Amino acid sequence: MKILAIDTSADETSVAITEGFRVLSSTIASQIKSHNVWGGIVPSIAKLAHVERIDGVVAETVRKAKKGRLLHASPSKQCFACDKPRRSSQSSAKNRLLEGVIKPQDACINAIAVTYGPGLSIALEVGINKAKELATAWKVPLIAVNHMEGHLYSPFVQNSKGNPHRELQYPFLSLLISGGHTQIVLAKENGKYEIIGETVDDAAGEALDKAAKMLGLGYPGGPILERLANDVENIDKYKFPRPMIGEKNCMMSFSGLKTHLYYYLKGEKGSTVDMQKDLKNIASAFQEAVFNSVIRKFERAVNQTGVKYWTVGGGVSINKRLRYLMRALAQKQGAEVIFPPYPYLCGDNAAMIGIAAYMQAQRKDFVIDIVALERIPRLKFASQ
Ligand code: KG4
Ligand code: ZN
């Protein structure tokens, strides 16, 4: 089953074509440059950029898959989907389909998938509208995907040759750590997920972004802090607080940590910190406080659930220090931990949406009324 997947949940316009766990083609048009002057994502700018780029990104993704001869078993077969991916061509494609010249089963794309939440409302809308348009024109089913389910399955994504091959085993315990979310999720089986713990306020990535902004370092802050933190002698010079760490649950909090940094920098906590001189130490100590809180809560979740197969997903999962700490915990616990195998799979991407859609297709979870599909900006995992 070949799926064309779309994600426009935040600041990446992303389209992929997937088959099972394999990515046949993927395109990510990043908008970071348009947002970083503002120190964060500006929803109206994101929407405009998605509108401008979505057709081009769909066409480019289809073109790449076609070039790699990845779309058809028989290349000579006529296909309305890959020959005519653009809006201008859809009516004729539809007519040819209606005339019976092309049969739906001849199409190289068997389903369209789209993120319908969580994410920025007006950004989600662009992807959803395009997905509705393509599913209707190509007469294929539509699969509405929870963006976090994409991050959940991102460590299992394979390249077009099927590498790396990782056995999907349930249950697995997943740390989802991004700019919008920090969650510990127990995946019991396909479609059955339980949130074991999550942040009560800011996400871990958001905290890193806000700290970097406070330090005048730009956006997104996570990678900037990581670079600075690479170059320190004392990894945790300032020993910033670990909020909620004493509480006997798996909940996390990061907004107090950010406030602590704010007052620290203002010198209100008896600090005589020279920011420029000590920037690297501050970056490292802040990153350490965030990751240490996450790791300790994750360990609690492991002890609570007894699950020893772990995955990590989301933009922050690219961070080498976080990976080191998770691997060290896995060694201590006699567990196995896997991360998204390619860097582009850590941040937002449509490939993971295609793979999550494939899982959904296996449980026959398709959109019944395409016209009625709505974005759900605060979509959560259904508690099961
Ligand atoms: O998954 P993602 O691309 O978007 C959301 O769904 O939120 O995650 C973006 C987040 C940002 O907060 C960014 O600072 C963080 O991922 N991030 C990193 C690194 N690269 C991106 N955090 C720490 N270290 C990195 N190298
Ligand atoms: Zn994301």
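In what follows, the accompanying structure is described. Source: prediction; values computed, not measured.

About the cut-offs
- Counting restarts for each chain: residues are numbered from 1 in the order of the written sequence.
- Think of it this way: whatever chain is written first is A, whatever ligand is written first is 1, and the rest follow in order.
- For this predicted model, a pLDDT threshold of at least 70 governs which residues receive local features, and a threshold of 80 or more governs which side-chain atom pairs are given and counted, while totals over whole chains, interfaces and linings are taken from all residues.
- Note that water and hydrogens are dropped before the side-chain values are worked out from all heavy atoms of the structure.
- A helix here means a DSSP run of H or I that spans at least four residues, while a strand means a run of E at least two residues long, and both kinds are numbered starting from the N terminus.
- Relative accessibility under 20% of the residue-type maximum defines a buried residue, over 50% an exposed one, and the middle range a partly exposed one, all with a 1.4 Å probe and only protein chains included.
- Every residue pair with non-hydrogen atoms within 4.5 Å of one another is taken to be in contact.
- Using a 1.4 Å probe, the Shrake-Rupley method yields the accessible areas, and only the shown protein chains count as cover for residues.
- Note on method: axes are straight lines fitted to C-alpha atoms, helices fitted across the in-contact stretch only, with angles between N-to-C directions ranging 0 to 180 degrees.
- Our angle categories are set so that under 35 degrees counts as roughly parallel, over 145 as roughly antiparallel, 65 to 115 as roughly perpendicular, and the remainder as oblique.
- Should the near helix be turned counterclockwise from the far one by less than a right angle, the crossing is left-handed, whereas a clockwise turn marks it as right-handed.
- Here the nonpolar group is Ala, Val, Leu, Ile, Met, Phe, Trp, Tyr, Cys and Pro; Asp, Glu, Lys and Arg are the charged ones; every other residue, Gly included, is treated as polar.
- Two strands are said to pair when DSSP picks up at least two bridges between them.
- Coordinating donors are taken to be N, O and S atoms lying within 2.8 Å of the metal, or within 3.2 Å when the metal is Na, K or Ca; because water is excluded from the atom set, some sites may appear incomplete.
- Site shape is set this way: if four donors have all angles between 85 and 135 degrees, tetrahedral; if opposite donors are over 155 degrees apart and all others between 65 and 115, square planar for four donors and octahedral for six; otherwise irregular.
- Side-chain atoms within 4.5 Å link the members of a nonpolar core, which is a set of buried Ala, Val, Leu, Ile, Met, Phe, Trp, Tyr and Cys residues.
- Distance and chemistry together define a polar contact, namely a pair of N or O atoms within 3.5 Å, with one atom able to donate a hydrogen and the other to accept it when in protein, and with adjacent residues in sequence counting only for side-chain atoms on both sides.

## Section: the overall build of the chain
Then, number 1: The secondary structure content of the chain amounts to 12 helices and 10 strands.
Then, number 2: A buried classification covers 54% of the 384 residues belonging to the chain.
Then, number 3: Within the chain, counting contacts between residues at least 6 apart in sequence, those at least 24 apart form 73% of the total.
Then, number 4: Element-wise, carbon and sulfur atoms account for 51% of the exposed surface of the chain, whose accessible area totals about 16,600 Å².

## With respect to the packing of helix 2 (residues 43-67) against helix 5 (residues 121-138)
Then, number 1: Interhelical geometry of helix 2 versus helix 5 gives an angle of 25° and a closest axis separation of 8 Å. When the axis of helix 2 is compared with that of helix 5, the two are roughly parallel. Relative to helix 5, helix 2 is oriented so that their crossing is right-handed. In contact with P43, S44, K47, H50, V51, I54, D55 and V58 of helix 2, helix 5 contributes I122, A123, E125, V126, K130 and L134.
Then, number 2: By residue class, the composition of the contact of helix 2 with helix 5 is 8 nonpolar, 2 polar and 4 charged.

## What to know about the sheet that holds strand 6 (residues 172-177)
Then, number 1: Strands sit in the order 8-7-6-9-10 across an open sheet of 5 strands; the sheet is mixed. Since the sheet does not close on itself, it has two edges, and those belong to strand 8 (192-198) and strand 10 (336-338), each with one partner. Each strand of the sheet is rotated relative to its neighbour by a mean of 25°, with strand direction disregarded.
Then, number 2: Inspection of the sheet shows strand 7 (residues 182-189) paired to strand 8 by 6 bridges, in the antiparallel sense. Paired with E189 across the bridge in strand 8 is K192.
Then, number 3: On top of the sheet, helix 11 (residues 320-333) reaches strand 6, strand 9 (309-313) and strand 10; it is set at about 175° to strand 9, its chief contact.

## Structural notes on the coordination of the zinc ion (ligand 2)
Then, number 1: Around the zinc ion (ligand 2), the protein contributes the donor atoms H147 (NE2), H151 (NE2) and D348 (OD), which lie 2.0 to 2.1 Å from the metal centre.
Then, number 2: Around the zinc ion (ligand 2) sit 4 donor atoms; with metal-centred angles ranging over 89 to 142°, the donor geometry is irregular.
Then, number 3: Ordering the donors of the zinc ion (ligand 2) by residue number gives the pattern H-x3-H-x196-D. In this pair, H147 is assigned in helix 6 (residues 147-153) and D348 in the loop between strand 10 and helix 12 (351-362), connecting sequence segments 201 residues apart. Each member of the pair H147 and D348 is classed as buried.

## Describing the packing of helix 7 (residues 204-214) against helix 9 (residues 255-265)
Then, number 1: Direction vectors running N to C along helix 7 and helix 9 enclose 15°, while the axes themselves pass 10 Å from each other. One way to sum up the angle between helix 7 and helix 9 is to call them roughly parallel. Seen along the crossing, helix 7 lies across helix 9 with a hand that is right-handed. Between helix 7 and helix 9, the residues in contact are K210, A211 and M214 and K258, L261, Y262 and L265, respectively.
Then, number 2: The residue inventory of the contact of helix 7 with helix 9, partitioned by class, reads 5 nonpolar, no polar and 2 charged.

## Remarks on the nonpolar core
Then, number 1: Counting residues in hydrophobic clusters, the biggest one holds 48 residues, and the most contacted among them are L173, F240, F286, V290, F298, W310 and M326.
Then, number 2: In terms of residues, this core owes the most to one element, helix 10 (residues 275-305), which gives 13 residues.
Then, number 3: Apart from residues no more than four positions distant in its own chain, F298 is found in contact with L173, S174, L175, I184, W310, M326 and L329.
Then, number 4: Judged by nonpolar contacts, the second largest core, of 32 residues, contains M148, F172, V185 and A350.

## Focus on helix 8 (residues 221-229)
Then, number 1: Most of helix 8 sits inside the fold, with 7 of its 9 residues counted as buried.
Then, number 2: When we look at burial in helix 8, the residues that qualify are G221, G222, I224, L225, E226, L228 and A229.

## What about the side chain of H50?
Then, number 1: Within the fold, H50 resides in helix 2.
Then, number 2: With a relative accessible area of 0%, H50 lands in the buried category.
Then, number 3: Side-chain polar atoms of H50 contact the backbone oxygen of A10, separated by 2.8 Å.

## Side note on the environment of P377
Then, number 1: Mapped onto the elements, P377 comes out in the segment after helix 12.
Then, number 2: Once the C-alpha coordinates of P377 and G119 are considered, the two residues, 258 residues apart in sequence, prove to be 4.9 Å apart.
Then, number 3: Setting aside residues no more than four positions away along its own chain, P377 makes contact with P118, G119, S121 and L124.

It is worth stressing that arrangement in space is one thing and function is another; only the former is reported here.
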